[in-house]
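Analysis of the macromolecular model
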Amino acid sequence: MFKYVIPIILSYLIGSLPFSFIVGKYIGGIDIRKHGSGNTGATNVLRTAGKKAFIIAFLGDFLKGFIVAFSAKIILNLETAVICSVFVVLGHCYSMFLGFKGGKGVATAAGTIFALYPLIGLILLIIQILILMVFNIMSLASIIVSISFPIVSILFKTPKYYIYYSIFIGLFVIYKHKSNIKRLLSGNESKISFK
């Protein structure tokens, strides 16, 4: 168990780096916690600070997940990489630098998925894009991808611990979108355009 302690701590610390908050502050000139949805994630950066800030914030959040998972897979093993993936996502959502608050974990989780199983990541990305093209609602796309993740992982016959990870991430991201789900059900969820 001790062999996991340092990778877990490093993963959480890297996940805690609040790229969306930093980008919002230094490129958009705002504290995104006080604008839009108040969420410190890339989608709120897009709504409040513009496309350039969004791209930088998304890449930062995505890459911290990718780097943690990929490094752990190469240096250690796939099982440890999955454990590290859990904690880099938790670090993003409960950042120690933002009073244990943060984003909803979608971009960072996507980074871990592409690092561990790129083809699964590509399939989920296609699903996300298709839902966005039809409905223009980011939260709906993220929720449907969260449901799809365990299904695709099972179809690809990934190891059991990865399937457990996919179930955890799927349920966790849906939980983080609980306020969005309420707005979706009431028909008040915001739409988004990438034009």
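All figures in this text were calculated on a predicted structure; none of them were measured in a lab. (Residues numbered from 1 in each chain as written. Predicted model: local features only at pLDDT ≥ 70, side-chain atom pairs only at ≥ 80, totals over all residues. Heavy atoms only, no water.)

**Considerations on the nonpolar core**
Generally speaking, nonpolar side chains in soluble globular proteins are found buried as a group. Ranked by size, the top nonpolar core spans 26 residues in total, and within it Val89, Phe149, Tyr162 and Tyr165 carry the most contacts. Top element by residues in this core is helix α5 (residues 78-93). It accounts for nine residues. If near-sequence neighbours (up to four positions away) are discounted, Tyr162 is found in contact with Val82, Ile113, Leu116, Tyr117, Ile120, Phe149 and Ser153. Counting residues in each nonpolar core, the second largest holds ten residues, with Leu46, Leu132, Ile137 and Leu140 among its members. (Core = buried A, V, L, I, M, F, W, Y, C linked by side-chain atoms within 4.5 Å. Buried < 20%, exposed > 50% of the residue type's maximum accessible area, 1.4 Å probe, protein only. Helix = DSSP H or I, 4+ residues; strand = E, 2+ residues; numbered from the N terminus. Contact = heavy atoms within 4.5 Å.)

**Description of the packing of aromatic side chains**
Under the criterion given, the structure shown has eleven aromatic pairs. Taken together, a centroid distance of 5.8 Å and an interplanar angle of 80 degrees make the contact between Phe149 and Tyr162 edge-to-face. Taken together, the residues span a long stretch of sequence, with Phe149 in helix α8 (residues 138-155) and Tyr162 in helix α9 (residues 160-176) at a distance of 13 residues. Each member of the pair, Phe149 as well as Tyr162, is classed as buried. Directly above the ring of Tyr175 sits Lys178, whose terminal nitrogen or CZ lies 4.1 Å from the centroid. (Phe/Tyr/Trp six-rings, centres within 6.5 Å; stacked < 30°, edge-to-face > 60°. Lys NZ or Arg CZ within 6 Å of the ring centre and 35° of its normal.)

**Regarding the packing of helix α2 (residues 19-26) against helix α4 (residues 51-75)**
The N-to-C vectors of α2 and α4 enclose an angle of 155 degrees; their axes lie 8 Å apart at closest approach. Taken together, the axes of α2 and α4 lie roughly antiparallel to each other. Between α2 and α4 the crossing geometry is right-handed. Along its contact with α2, which presents Phe19, Ser20 and Val23, the element α4 presents Ala53, Ile56, Ala57, Gly60, Asp61 and Lys64. For the contact of α2 with α4, the per-class residue count stands at five nonpolar, two polar and two charged. (Axes fitted to C-alpha atoms, helices over the stretch in contact; angles between N-to-C directions. Parallel < 35°, antiparallel > 145°, perpendicular 65-115°, else oblique. Left-handed = near helix turned anticlockwise from the far one by under 90°. Nonpolar A, V, L, I, M, F, W, Y, C, P; charged D, E, K, R; others polar.)

**Details of α4**
Taking 1.5 Å as the rise per residue, α4 with 25 residues should run 36 Å; its terminal C-alpha atoms sit 35 Å apart, in good agreement. Buried residues along α4 sit in contact with α1 (5-16), α2, α3 (42-49), α5 and α6 (106-116). (Expected span 1.5 Å × (residues − 1).)

**A look at the pattern of salt bridges**
Under the criterion given, the structure shown has three salt bridges. Between Lys64 and Asp61 there is a salt bridge whose closest N-O contact spans 3.5 Å. Taken together, the residues span about one helical turn, with Lys64 and Asp61 both in helix α4 at a distance of three residues. (Salt bridge = Lys/Arg side-chain N within 4 Å of Asp/Glu carboxyl O.)

By themselves, these are just geometric observations and shouldn't be taken as functional.
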